[in-house]
Structures are given as C-alpha cells and as structure tokens.
2 protein chains.
Amino acid sequence: MVVASGSRDKTGFFTQGVKLKANMVDMARSVRKLGQEDPRRVVHSLKVGLTLILVSAFYYYYPLYNNFYTIWMVMTVVLVFEFSVGATLGKGFNRGIATLLAGGLAFGAHQLTKNLGRVGEPIVLGLLVFLQASISTFFRFFPKIKASYDYGMLIFIMTFSFISVSGLRDDAIFKLALERLCTVSIGGAACIFVSILVFPVWAGQDLHNLIALNIEKLGNSLEGFGDEYFKRKGGEACKDDKEILEGYKSVLNSKKCEESLANYAAWEPPLGRFPFRHPWKLYLKVGTVARECAYRIEALNGYLNADFQESSEVSNLIQEACTIMSVESGKALKELALAIKTMVQPSSADSHIDKAKSSAENLKSLLKSGIWEDIDLLKVIAGVTVASILIDVVTCTEKIAESIRELASTAQFKSAEPTLSPEKLQSGQMKCVKLSQILNCPHVVIIVSELTPAVFFTK
Amino acid sequence: MVVASGSRDKTGFFTQGVKLKANMVDMARSVRKLGQEDPRRVVHSLKVGLTLILVSAFYYYYPLYNNFYTIWMVMTVVLVFEFSVGATLGKGFNRGIATLLAGGLAFGAHQLTKNLGRVGEPIVLGLLVFLQASISTFFRFFPKIKASYDYGMLIFIMTFSFISVSGLRDDAIFKLALERLCTVSIGGAACIFVSILVFPVWAGQDLHNLIALNIEKLGNSLEGFGDEYFKRKGGEACKDDKEILEGYKSVLNSKKCEESLANYAAWEPPLGRFPFRHPWKLYLKVGTVARECAYRIEALNGYLNADFQESSEVSNLIQEACTIMSVESGKALKELALAIKTMVQPSSADSHIDKAKSSAENLKSLLKSGIWEDIDLLKVIAGVTVASILIDVVTCTEKIAESIRELASTAQFKSAEPTLSPEKLQSGQMKCVKLSQILNCPHVVIIVSELTPAVFFTK
C-alpha cells in the first residue's frame, strides 16, 4: 500500500511538474511572439525602465526627506510615458498645462475664501471643489475633449481639489503648487527626451503605415479572391492563402486605432516626410472609405464556399469579368498603398481602375445581349451576385483612389518617378518584382504573374 | 473720419459680440444635448463632486500637516471613479492589490539590499527598479492584461519604484507603505460606496441593453429596407426614416465598446437579473454575429439608390420575395431583441425565421423555373443581387438566433410567457402595440402594421 501510494504521489507530482513546464513553455512562447510581432515593444519597455532609473537616481541622491513631492516625478514618468512620441507629448502637455491652470485657480480660490472665517471658508471651498469637479467631469463626456484632453481634465480636477482643500497657509500653498509644477515638469521632460531621443516611435508614421498596410491588405484579399473563387489555383500557389484572403478582416475594426493614432500624430513636431500641418485628418477619410470597401469584401467572402460548379460558356464569361474586376481592383489598391508608402502621386493605379471599370461595363453589355435565353439562372445566380458586388467594389476602389488623390495633393506628395509609372514598364513581370521588393511581400509575384496573361488577353 | 472710424469700431465690436453670443448658444446647446442623450452623465458628474467633497472634508479636518499622503485619497477618487460600477470596482481592485503587492515587494527589496553598503545598495536597487519597470511595461502589451489589469500594472510600477528608492529607513518605509495602503483604501472605498449607493450604473445592464438595442436596430433597418428599396412608402410613413434605415451603421463599429463593457461587467457583483457567473462572454459572441449581419446590410444599402425601374411580372416576384425576406428577418431580429430585453427564451422569433427561409426557398425554385426566357437580365440584376445578399442575411439572422438561444439557455432565461408567444396573439396590430410599449419605440407600430398584410397575403 505504502509503495502504491508513494508511486501515486510521485505520478501526481510528475504530472503537475509536466503541466507547470507546459504552462511555462506556453508563456515563454507568447512572450516571444509578442516581442517578435513588434520589437519596438521590447525597446519601449526598456525605455520606461531607463527613464525611471534616471528620475529615481535624482530622487535617491536628493531625497528631501520631509518632502514627498518628488514622488510626483516617479508618478509622472509612469503615467505620462506612452508608446509613441505623440501620445507622450500629448499626455505631458495635458499634465503640465492642467497642473499650472489648476494650481493658479486653487491659489485664487484660497485668496478668495481666506477671510471668510472658520465656518465660511471650508463651506465655500467645498462648494468650489464640488462645482469644478462636477463641471469638469461632465465636460469629459464631450467626444472631442475625451479624445485629446481627457487626461488633462483628470489632472485639473485632482490638482485643484487637493491644493484648494489642503488647509495650508498662503506661503505653504504657493510652495506646494510650485513644487508640484517643478516635479511634474522634470518628470515630463525626462519622458519626452527619452521618448524622442532613444529609438522614437512616431504615431504619425504608424498611422501612415497602417493606412497603407490596410489598403494593401484589401488589395491582396481581392486578388486572392479572384483566384480562390474560381478555383484557378495550381499546386504552386501561395502558402499563406487563407491568411491573405482574410487580411481584410483586420480592416473592419480599425476605426478606433486609426482615430487615436491621428490624435497622437497631431501632437508630434514636424518631422522629415511629415511637415507642419500634415493633413492627418485626411488619413481618417481614406480609412473610412477603405472600411466601406472591406464591408463589401466581407459580403463577397460569403460566396467563397457557395455552390458554383456550372461551367457553361456564359458562366465562364461572368467568371472572367469577375476575375478581371477583382484582380484589377486589387492591383489598383496595391498601387495606391505603394503610392502612400513611397509618398508619390497615385497616378499608376489609374490604368488598373480603368481596366476594372471597362470590365464592369463589358459585363453590363454582356448581360444586355441575348445569350441568356437557354440557361438556368439558378446556376449563375452566385456568379451574377458576385459580379454585382464586385461592380460595387470597383466603385469603392475609385472612392479610395479619390480620397488618396486628395491626400496626395494636400500633403504635396512628389509626382511619380518614371521607373514606377506603368507606361515605362515593358513587362508586367518587371513591375511585379519592383512591387514585391518594395512591399517586401514575396507572394505578390506569384499571384500577379499568374493572372497577368488573362488581363492582357481581355484588353 | 473720426466718426466713421468710431462706427467701424462699434460695428466690429457688435459683430464680435454677436459671434460670441452665437458661440455661447452653440456651446449651451451641445451641453444640453450631451445631458439629454444620457442623463446619467449629469448624475455621474455630481457623484464625482460629492465623493470628492466627502474625502476633502476628511482631509480638511484632519490635514496632518507634515504628511501629504492624504493627497492620495483625493487622487484615488479622481483616478478610480468611473462611469459604471464595474469599471470603478475594477480600477479600485487593481489599485488596491497593486499597491499591496508592490509595497510588499519594495519592502522586501529594501531588506535585501540594506546591507550592501553605500555603493552597492543604490546600484542593486536601481537594477531592480529597472527590471521590474521594463518587465511590467512589456506585460502591459498582452491583450488580456491590457483589457483587465492595465491600471494595476501602472500602479504596481509606480508604487514599487517610489517606495524602493525612497531612501528611507526600515520603519519609515513601513510607515510609508502602510499609509499609502490606508489612504488608497479609504479613497477607493468612498468611490465604490457612492458608485453603488447613489443611482448606480451597471456595466452588465448596459451591455445587455446595448446588444438588444443593436439587434433591434438591425431589425429596424431590414424592415425599413424592404420598404425603401421597393419604394412602397406612402406619404404617412415614418418621419425618421433615414435614421432608422441607417441605424445599423452604429453596429458596424461597436466592437470596442462591447468588449470594454463585458470586461467591466465581470467585476460587478451578482445583481437581480444577472446572477453570479452570468455569461457575459456570450454577449460578445452575439455581438460578433450581429456585426456580420450589419456588414451584409451595409452591402445591401449600396443598392438603395440603384437603378431599379423595371416592373415586369418577374421583377415583381423577386421584389415580393425580397420584401418578405427583409421584413421577416427584421421582425425576427426585433423579436430576438425583445427576448433579450425581457430575458425570455427567444422562441417567438422562430416563425419569422421560418417564413424568411421558406421565402428564400421559394425564390430559389422560382429561379429554377423557366420564366426567365424572355426577359432582359440587366434589368433584374439589381433585384437578383439584393435577393442573393438577403438570402445571406437570412443565414446571418439564423446564426444570431442560434447564438441568442445559447445565451438564453446558459443564462437560464425564463420560458416565453403566453402573452408574448405569437400563437396567442390574435392580431398583428396587438402585437405591435405590445412591442412598441416595451421597446418604447413608437415608429415600430407604423412599419409593422403597414407591412403585415403583405406578409399574410403571401402565406
């Protein structure tokens, strides 16, 4: 019995050990994945540690034993240091200005009430605190204030409240307000310096890349859709097919992310490719029409697994038109994404949009002709629906192109280089290589080169 | 000249005055609108003011002149008090636990390093602060931690840093850690009490209502779509037509809002209709399929202004099928929304879903029949596309019904009351009144009663 029990204990211990090890391995794997997805996360973490050390060193060597205001320096670093420079600047600015304003107002409130006596003073002060806290809290519900000044409002309420009710004499209050302002400024300045000087992350750059990436994803999905829907793929097609096809899904819910990046970007100083008054709001406009396109692609995606075995001549004609619309819209979107990335005028997308549009027109006239009389409509209904949604997608692509043209002209993108314009490119293949080199996205070559003949065939 | 200049000055002054007044009026109007949209915002603002007064009174009468820890009480209130009880509890819990943990660890770090001498101590302490800040900051990037424990991580970094580098002796550190814990607890407790006792806002209730409202909006849009697309409306139709039709648009981007409400709801105590372990995650599942349906409706919306003047017999048949699918799906969704609101089993929606499905089947067999031979396909292509997307919408509606059924059975909704089940309702009108009473949404009556004959006609 003893032996059995012991062996059971050992087994239990062993199982638990295995489980623990498995958990640890899982944990380590997800930590590595998180870091690999965006190595700037690791850098950001080290930057926060570094800033804290800098501020702590200051604090450790000048501890000011009877004075805990310096705690605010540490607090400021932890609360203000954000991932991007814009977010850090925004929070720092909010904290600084709110502290200054609230400190001044609280000092004023103290001057106003100090002669009201032992009963009047706390009552009037309490009323003032109540009023400012209620009004400021209500203002935090305004969407515009919430987006840019929420943190400032919090700091304003906090600073005003604790300074005005601190029950201190004039000089002590002035000292308190001043010390708080100083420590907050030192902490904020440390954050901003480290944020800008050590591997800075610019929200504006991120927004720019995100919009370009989203449009590229839509393009890839559309190209892949043309391929997948008509089961044209050979064995050598892309490996991460599913991933490319469903790339558009991340565009569906990107609104909040784009909005906060645009907010942060507005705080950032003019920098390199993004001069003063760079039109960040126009990126949001592009993002909105890109999402509209993504909704259409989501509707299309419902037909990927639809019954579609008909292979009559008519179906083939619809298929061909769909393939052209889908692939050409996809290419146009990828050219547009490239135009954003390289900041050139998006003229190279026009030819693809024209091809997609003329294919839509061809399809319409095909439908007008009399070839429908002897076919079973049910068998081409999926095709007709896909074609119809794709005509809608082509319209969306035009809208995206239009919004990017507006962005390009307002932001004064440079005009397209000769090597990138389609007229100078002698073969589709060469263009694909160029695209794939710049986008760092090898699968592009396979899809495009495979479908290029079909495109030229229909011209 | 003098007179002229004077009059110009006066005019300028007058214009400025008018502008200022216009701005003030605009401001007042938007403040009123914000309050009217959700009066709980006003209540919340007053609650924050009240809590701050309570804490300030404590602070004012026991100012502890040489001790500014009490500032933390004010800080805690401003930072922890959130709109809903769940968010407040979550933040309070985060702040409390993080302070306790970090205080303990910082005390341990101090014990560990106090014998290392004047050179070794600050170096090892600095290294520890750097390590914990970097690691904790990195962990904040984990989506799960970001969702529920982000604030706790911040407080942990902050508390550990400033206690461990405070340069104080053992007893002073112990006192510092203890005082911080006490003040944070008092502030947090004040927030939680006021949040729960004075007109509480429950995140769980909000999530429940939001999901029901979103599904109702989808239903209204679909019903309105059946109306609008086929231009059947008379002069007496709903006034806020456009608003109802585009109600689904707010569903497209509701993901973030639903997720944060579900997060907050998990912190809330069991309450009334929502017992312990209420399946909040299932609401998110319903929300996801509702969004999928909204994407389809967005695609449908593109055809609202499409060319559709054909009025042949075939078109009429497609129109009728589309109207039935759209209206019945809409009704089913509204029944489902009502089932969520009243927390009953959603069986009353089944008959509508069945009608929508049988209409889809009818349409398919219609398409199979030979009536297509003498028509111009181009003229019915919009109709065919709409029909096809609507068949997809019916599938989505079924998915929504399924997810709500799962929610209803997991959350043990009560079975449908006899007065609510469609079998017992003698007339559609009576049901509409019931619906509109419960949903507090008068336009429902008009739409449903107008379309009811068409539905019965086709049975």
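Residues numbered from 1 in each chain as written. Chains lettered and ligands numbered in written order. Predicted model: local features only at pLDDT ≥ 70, side-chain atom pairs only at ≥ 80, totals over all residues. Heavy atoms only, no water.

**Q** Quick question: what am I supposed to make of the overall build of chain A here?
**A** Across its full length, chain A holds 17 helices and zero strands. Counting over 459 residues, chain A shows a buried share of 53%. The contacts in chain A between residues at least 6 apart in sequence include a share of 81% that link residues at least 24 apart. When the accessible surface of chain A is split by element, carbon and sulfur atoms take 62% of a total near 21700 Å². (Helix = DSSP H or I, 4+ residues; strand = E, 2+ residues; numbered from the N terminus. Buried < 20%, exposed > 50% of the residue type's maximum accessible area, 1.4 Å probe, protein only. Contact = heavy atoms within 4.5 Å. Areas by Shrake-Rupley, 256 points an atom, 1.4 Å probe, with all protein chains shown as cover.)

**Q** Would you mind going over the interface of chain B and chain A with me for this structure?
**A** Size of an interface: often given as the accessible area lost when the parts come together. Taken together, the contact pairs 81 residues of chain B with 80 residues of chain A. The interface formed by chain B and chain A includes two salt bridges. Among the salt bridges present, the one from Arg296 of chain B reaches Glu298 of chain A, with a minimum N-O distance of 3.1 Å. Taken together, the connections running from chain B to chain A amount to eight residue pairs in polar contact (both at pLDDT 80 or more). Sorting elements by how many residues they give to the side of chain B that touches chain A places helix 2 (residues 40-61) of chain B first, with 14 residues. Class assignment for the residues of the side of chain B that touches chain A results in 51 nonpolar, 16 polar and 14 charged. (Salt bridge = Lys/Arg side-chain N within 4 Å of Asp/Glu carboxyl O. Polar contact = N/O pair within 3.5 Å; in protein donor to acceptor, adjacent residues only side chain to side chain. Nonpolar A, V, L, I, M, F, W, Y, C, P; charged D, E, K, R; others polar.)

**Q** It is not clear to me how the packing of helix 11 (residues 255-265) of chain B against helix 12 (residues 280-301) of chain B should be interpreted in this structure. Could you clarify?
**A** Geometry of a packed helix pair, given as the angle between the helix axes and the separation of the axes. All names here are of chain B. At a minimum axis separation of 9 Å, helix 11 and helix 12 run at an interaxial angle of 170°. Classified by the interaxial angle, the pair formed by helix 11 and helix 12 is roughly antiparallel. Mapping the contact onto sequence places Lys255, Glu258, Glu259, Ala262 and Ala265 in helix 11 and Trp280, Leu284, Gly287 and Arg291 in helix 12. (Axes fitted to C-alpha atoms, helices over the stretch in contact; angles between N-to-C directions. Parallel < 35°, antiparallel > 145°, perpendicular 65-115°, else oblique.)

**Q** Please explain the UniProt feature "transmembrane region" (unreviewed entry) in chain A as it appears in this structure.
**A** Residues and elements named next belong to chain A. UniProt feature "transmembrane region" (unreviewed entry): in the numbering of this structure it lies at residues 42-62, 68-89, 123-142, 148-169 and 181-203. In residues 123-142, the share of helix is 85% and the share of strand is 0%. The end C-alpha atoms are 30 Å apart. Here residues 181-203 runs as 78% helix and 0% strand, with 27 Å between its end C-alpha atoms. (UniProt positions renumbered as here; feature names shortened; annotations may be inferred.)

**Q** Hey, could you run me through the relation of the copies chain B and chain A in this one?
**A** Note on the identical chains: chain B maps onto chain A by a rotation of 180° and an axial translation of 0.0 Å, with an RMSD of 0.1 Å. The superposition of one copy onto the other is thereby described by a two-fold rotation axis. Of the residues that chain B buries at the interface, 99% are likewise interface residues in chain A, meaning the two copies contact each other through the same surface. (Least-squares fit on C-alpha atoms with pLDDT ≥ 70 in both.)

**Q** I tried to follow the pattern of salt bridges on my own but got confused; where do I start?
**A** Working definition: two side chains of opposite charge can pair if their charged atoms are close together. Going through the model one piece at a time under the given rule, you end up with 38 salt bridges over all chains. Salt-bridge contacts for Asp38 of chain A lead to Arg40 of chain A; the nearest nitrogen and oxygen are separated by 3.1 Å. It is possible to trace a salt-bridge network through shared partners that takes in Lys249 and Glu298 of chain A together with Arg296 and Asp392 of chain B.

**Q** It is not clear to me how the nonpolar core should be interpreted in this structure. Could you clarify?
**A** Most often, soluble globular proteins keep nonpolar side chains buried together rather than apart. With 128 residues, the main nonpolar core has Ile215, Leu218 and Ile400 of chain A together with Ile215, Leu218 and Ile400 of chain B as its most contacted residues. Setting aside its immediate chain neighbours within four residues, Ile215 of chain A contacts Val286, Ala290, Leu333, Leu336, Ala337, Ile340, Ile400 and Ile404 of chain A. Listed in part, the 72 residues of the second largest apolar core include Ile71 and Cys191 of chain A together with Val129 and Ile163 of chain B. (Core = buried A, V, L, I, M, F, W, Y, C linked by side-chain atoms within 4.5 Å.)

**Q** When you look at the confidence of the model for chain A in this model, what are you seeing that I'm missing?
**A** Predicted coordinates in regions of low pLDDT should not be interpreted in detail. Residues and elements named next belong to chain A. Per-residue confidence for chain A averages 79 on the pLDDT scale, and 76% of its residues sit at or above 70. Put simply, helix 17 (residues 443-458) is where chain A has its lowest mean pLDDT, 31, and helix 11 (residues 255-265) is where it has its highest, 92. Overall, residues 232-239 carries pLDDT values under 50, and its contacts beyond four positions in sequence, including any with other chains, amount to twelve contacts. Contacts for the low-pLDDT stretch residues 419-459, under 50 throughout, to residues beyond four places or in other chains number 59 contacts. In the predicted assembly, ipTM is 0.80 and pTM is 0.80. (pLDDT = per-residue confidence, 0-100.)

**Q** Honestly, the environment of Leu128 of chain B in this entry has me stumped. Any pointers?
**A** Residue and element names in this part refer to chain B. Topologically, Leu128 is positioned in helix 5 (residues 117-139). Separated by 33 residues in the primary sequence, Leu128 and Ser161 have C-alpha atoms spaced 9.0 Å apart. Contacts of Leu128, omitting those with residues within four sequence positions, involve Ala109 and Phe160.

**Q** How should the environment of Thr385 of chain B be read in this particular structure?
**A** Mapping Thr385 of chain B onto the fold places it in helix 15 (residues 377-410). Thr385 of chain B sits 82 residues away from Tyr303 of chain B along the chain, and the two C-alpha atoms are 8.8 Å apart. Setting aside its immediate chain neighbours within four residues, Thr385 of chain B contacts Val384, Thr385, Ser388 and Ile389 of chain A together with Tyr303 of chain B. Among the polar contacts listed, one links the side chain of Thr385 of chain B to the side chain of Ser388 of chain A, at a separation of 2.7 Å.

**Q** Teacher, can you tell me more about the side chain of Arg291 of chain A here?
**A** In this structure, Arg291 of chain A sits in helix 12 (residues 280-301). The class for Arg291 of chain A is buried, based on a relative accessible area of 4%.

**Q** Looking at this structure, I do not really get helix 6 (residues 143-164) of chain B. What am I missing?
**A** Three- or four-residue spacings in an α-helix give side chains the same orientation, since the helix completes a turn every 3.6 residues. At Tyr149 of chain B, helix 6 of chain B is bent by approximately 85°, the largest bend along its length. Within helix 6 of chain B, 16 of the 22 residues are buried, leaving the element largely enclosed by the surrounding structure. (Bend = angle between axes of the 7 residues up to and from the residue.)

**Q** What exactly am I supposed to notice about the packing of aromatic side chains here?
**A** Here a ring pair, both rings aromatic, is described through the centre-centre distance and the interplanar angle of the planes. Evaluated as defined, the whole model comprises 19 aromatic pairs over all chains. For the ring pair Phe156 of chain A and Phe160 of chain A, a centre distance of 6.4 Å and an interplane angle of 20° mean the geometry is stacked. On the criterion of helical spacing, the pair formed by Phe156 of chain A and Phe160 of chain A is a turn pair, its members being four residues apart in helix 6 (residues 143-164). Like Phe160 of chain A, Phe156 of chain A is buried. Ring centres of Tyr295 of chain A and Tyr295 of chain B lie 5.1 Å apart, and the angle between their planes is 20°; on these two criteria the pair is classed as stacked. Of this pair, Tyr295 of chain A sits in helix 12 while Tyr295 of chain B is found in helix 12, placing the two residues in two different chains. (Phe/Tyr/Trp six-rings, centres within 6.5 Å; stacked < 30°, edge-to-face > 60°.)

**Q** Looking at this structure, I do not really get a nonpolar patch on the surface. What am I missing?
**A** Residues Phe93, Ile97 and Leu101 of chain A make up a contiguous nonpolar surface patch of roughly 280 Å² in combined accessible area. If you trace the backbone, Ile97 of chain A turns up in helix 4 (residues 85-113). (Patch = residues over 30% accessible without salt bridge, like charges linked within 9 Å, V, L, I, M, F, W, Y side chains within 5 Å.)

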